[in-house]
Structures are given as C-alpha cells and as structure tokens.
Amino acid sequence: MEKVLVLLSTFNGEKYLETQIQSVLAQNHPNLDILIRDDGSSDDTRQILRSFEKQHAQRVQVVYAENVGYRNSFFELMEKAPPAYDFYAFCDQDDYWLPEKISRAIRVLKPLDQQKPLLYCSALTLTDKDLKPIGQAGGMNRATDYRQYFFSSIPTGSTSVFNDRLRRTALSGKALARNHDSWMLIVASFFGEIFVDQHSFILYRQHENNALGLQLSPLRKFAGKLARIVKKDVKFSNISSFAGLFLENYSYLMSEDQKKFVKTIAGYRQSVQKTLRLALSKEITTSHWYDTLAIRILVLMRYI
C-alpha cells in the first residue's frame, strides 16, 4: 500500500488544530503519517501537538522550531520529508479533511508515470468558522497549461498531493518561489502533469484570519486583484525578473515552446513593442477573466 506523508505547518493554531489533525488521522487510507513543523507558536499549539505526538508516536512527528514564516516552514518540511514515501500532501492547520481525501488522490496519481512530477489538487468546500458549508471554489477541468499556472495560483495549495519527483524538482529551485503552493503548480505544469479534481474533499474554513471573498462580485474581485498586485501581495513582484531566473535554472527541462514563452515574459520591458505584444497576446491566461484583465493592465504599465 502506498505510503503518504502529510506536511503540516502550524503557527498559533490552537483554535482549530485538534479537529484538523483528527480528520487527517481518520483518513480511510491507513498508511499515512504526519510530519509537523511548528513555526514558533506562542499559544497552546505546542501543547496540543505534544499530546498527539504522545498518543500517535508511530504516526506523528513534530519539529519545534523558530518562526520563519509559512513559506519557509513548508519548504523546510519538504526538505525534511524522507524520500521513502510515495506521495506527500500539504495541510493547513484550520481546515477539515473528509475521510476519502487521500485515497481519492492516490487513485488518480497511482496509474500515472511516477518519473514525471505529478500534482493532484481539488475543489474545496468553503465553510463558516463552525464548518457549515457556504459554497465551493477552486474546481477546474484537468489541465497542464503552464501559461495559466504561470499567472494564476488556483487551485488552492492546501488540497495538493504530489509525488517525490515533484518534491525534488521543486526544491531544486525553491529560491525562486514566493510561496510553496504556487511554486508547485508552476513546476508541475511545466515539467509534469496536474490533475484538478472538480470534487471537494476538504472543508476550507472561513474565519477572521482566512477568507477567499466568495461573495464578491467579479468587478470587486478585479479591483481586489489589482490592489493585491500593487501591494505586492502576490507570488511575484517583478514577473520579468522571475521569468529570467526561472529560465536560467530550468531551461534544461523546458521544451522549445516553453523557452519561447518564458523569454517573451523575461524581455517584455525591453521595448514598447514587446510590452504591447505581451499585454495583448493570448499568452496571458488565467482561470478568471478579471485576473487576466488585471495582469494585462499591469503589464501595460510595466508594474509587474
């Protein structure tokens, strides 16, 4: 039976952590362990983790560390993860997993070529703080269009399950990544395969510190996208520089079409003609029209 390691980073998560870990341990795929890195919590998170560590010593391992932020914390988990596992899964501290979440991902990934970087993601069910469903988000058709994932971080990283080849390929260029989950999407879409499940196996809790803005109108989402990019609250602050570094680090794995795409982005600031060509081209594509429009405008402004 396939071995799965769940990677969970915690930080001051006492409110919902116990419920989440219980849902992970209750998965109907029994060959599953949890590697947890606590990112310097100051509440009762560490006490909760010690309790699980004691009760499930064979399945739960905890690293108590200093605060480095969620990005670095997840990358440290990926580095510490033993290569003996067949698949790995990202886990957030305040969600709730349905029992078949991991088994569903394995059924999808197992028949595929494990020599390629493989990534499974799914839709998620948005809930209120008490896990009462209020909507669904993140589901798309199966897709490996690297152009889309270069500009968009949908689906949500907390639904991700991936193989060891993707773990190793992504870690080799982690210095380029703004965050762990969007980076996995980029690497898998360029060099492997992504499966996006339209079904949801995760309850994604919406609370004061975690909201997707499900109820916003498209125009407000468009404005929000612009605002987040202006504040640099996105996975890139200078996409042309990022593209150049990405090409430098991974060109040996890229097809000629992929190299051409990345070179176009890397050099779009070199002339007005190149800026216009990229802003109006079909190369800029995301899962939502308002994201695509926002990026086109900011490319024209040479803001990203």
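How each quantity is defined
Residues numbered from 1 in each chain as written. Predicted model: local features only at pLDDT ≥ 70, side-chain atom pairs only at ≥ 80, totals over all residues. Heavy atoms only, no water. Helix = DSSP H or I, 4+ residues; strand = E, 2+ residues; numbered from the N terminus. Buried < 20%, exposed > 50% of the residue type's maximum accessible area, 1.4 Å probe, protein only. Contact = heavy atoms within 4.5 Å. Areas by Shrake-Rupley, 256 points an atom, 1.4 Å probe, with all protein chains shown as cover. Core = buried A, V, L, I, M, F, W, Y, C linked by side-chain atoms within 4.5 Å. Pairing = 2+ DSSP bridges. Axes fitted to C-alpha atoms, helices over the stretch in contact; angles between N-to-C directions. Parallel < 35°, antiparallel > 145°, perpendicular 65-115°, else oblique. Nonpolar A, V, L, I, M, F, W, Y, C, P; charged D, E, K, R; others polar.

Chemist: When you look at the overall build of the chain in this model, what are you seeing that I'm missing?
Modeler: A count of helical and extended segments in the chain gives twelve helices and nine strands. Burial status across the chain gives 51% buried among its 304 residues. Counting contacts in the chain only where the partners sit at least 6 residues apart, residues at least 24 apart contribute 79% of the total. For the chain, the accessible area works out to roughly 13900 Å², and carbon and sulfur atoms hold 50% of it.

Chemist: Teacher, can you tell me more about helix H6 (residues 164-171) here?
Modeler: Residues lying three or four places apart along an α-helix face the same way, a consequence of the helix completing one turn every 3.6 residues. Counting buried positions along H6 gives six out of eight residues, so the element sits mostly inside the fold. Of all the residues in H6, the buried ones are Asp 164, Leu 166, Arg 167, Thr 169, Ala 170 and Leu 171. Close packing links the buried residues of H6 with helix H3 (70-80), strand S4 (87-91), strand S6 (118-127), strand S8 (161-163), helix H7 (180-191) and helix H9 (239-250).

Chemist: Which parts of the structure should I look at to understand the nonpolar core?
Modeler: General note: in soluble globular proteins, nonpolar side chains tend to be found buried as a group. Counting 51 residues, the largest nonpolar core has Leu 7, Leu 119, Phe 150, Trp 183, Phe 190 and Phe 246 as the members making the most contacts within it. The element best represented in this core is H7, accounting for eight residues. Setting aside chain neighbours within four positions, we find Phe 190 in contact with Tyr 146, Phe 150, Phe 246, Met 254, Gln 258, Phe 261 and Val 262. Among the nonpolar cores identified, the runner-up in size contains 34 residues, and Val 4, Phe 52, Trp 97 and Tyr 204 belong to it.

Chemist: Just checking my understanding: could you explain the pairing of strand S7 (residues 133-137) for this structure?
Modeler: Remark: a regular strand shows side chains that alternate across the two faces of the sheet. Sheet topology places S6 next to S7; four bridges connect them, and they run antiparallel. Across the sheet, residue Leu 126 finds its bridge partner in S7, namely Gly 135. Where S6 folds back on S7, the antiparallel hairpin that results is connected by five residues, among which Leu 131 adopts a positive phi of roughly 70°.

Chemist: How should the environment of Ala 89 be read in this particular structure?
Modeler: Following the sequence through the fold, Ala 89 ends up in strand S4. Using a relative accessible area of 0% as the deciding quantity, one classes Ala 89 as buried. Those residues in contact with Ala 89 that sit more than four places away from it in its chain are Leu 5, Val 6, Leu 7, Trp 97, Ile 102, Ser 160, Val 161 and Phe 162.

Chemist: Where do I start with the packing of H6 against H7 in this structure?
Modeler: Packed helices, taken two at a time, are described by their axes: the angle between them and the distance between them. One can describe the packing of H6 onto H7 by two numbers: an axis separation of 10 Å at closest approach and a directional angle of 110°. Between H6 and H7, the interaxial angle falls into the category roughly perpendicular. Along its contact with H6, which presents Leu 166, Thr 169 and Ala 170, the element H7 presents Trp 183, Met 184, Val 187, Ala 188 and Phe 191. Each residue belonging to the contact of H6 with H7 can be placed in one class, and the counts come to seven nonpolar, one polar and no charged.

Function-wise, these values are silent; they only describe arrangement.
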